[in-house]
Amino acid sequence: MEHFEKKIELDGYKFDSEKEAHFYQRFIKNCGRNYKIHPTYPLLDTPDFIIYEEGEIAHVYDVKTSLDARAIDTAAKIRFKLFAHRYHMPVEVVVPRKNDFKMKVFNFGNTKVQAA
């Protein structure tokens, strides 16, 4: 997201906008509680299986009941995209059948796709 406002520095912190700095100054700074400014949290990586070859990730599998939008909802697609971005590896969604499986590869951007 592109911000059009000028960044503001206040109390050693850099804020994305004057409004953000003002909010900090009025409501956060003296709230009497512990706080963090712009905290970061690692995202939960939740594939079902990861296959390694020579210590490197070769395949990332997530098992679903089907390849339609009900089984692969928006939240799942976001997780796959974040995983692919973080690890440069696409998530391969698989639907097991009796003797094989159907697969869809979610390749978002500059990730490598491994041949099966």
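Below or above, wherever it landed, is the structure these notes cover. Please read these numbers as outputs of a predicted model, since none were measured by experiment. (Residues numbered from 1 in each chain as written. Predicted model: local features only at pLDDT ≥ 70, side-chain atom pairs only at ≥ 80, totals over all residues. Heavy atoms only, no water.)

## Some words on the overall build of the protein
When you go through the protein residue by residue, the secondary structure sums to two helices and six strands. Start at the N end of the protein and walk to the C end: the helices and strands fall as β-β-α-β-β-α-β-β. Taken as a whole, the protein presents about 9,300 Å² of accessible surface, with 52% of it coming from carbon and sulfur. (Helix = DSSP H or I, 4+ residues; strand = E, 2+ residues; numbered from the N terminus. Areas by Shrake-Rupley, 256 points an atom, 1.4 Å probe, with all protein chains shown as cover.)

## Here we look at the packing of aromatic side chains
Enumeration according to the criterion identifies six aromatic pairs in this entry. Between Tyr 13 and Tyr 24 the ring centres are 5.8 Å apart and the planes differ by 70°, which places this aromatic pair in the edge-to-face class. In this pair, Tyr 13 sits in strand β2 (residues 13-15) while Tyr 24 sits in helix α1 (residues 18-28), placing the two residues 11 residues apart along the sequence. For the ring pair Phe 23 and Phe 27, a centre distance of 5.2 Å and an interplane angle of 40° mean the geometry is tilted. (Phe/Tyr/Trp six-rings, centres within 6.5 Å; stacked < 30°, edge-to-face > 60°.)

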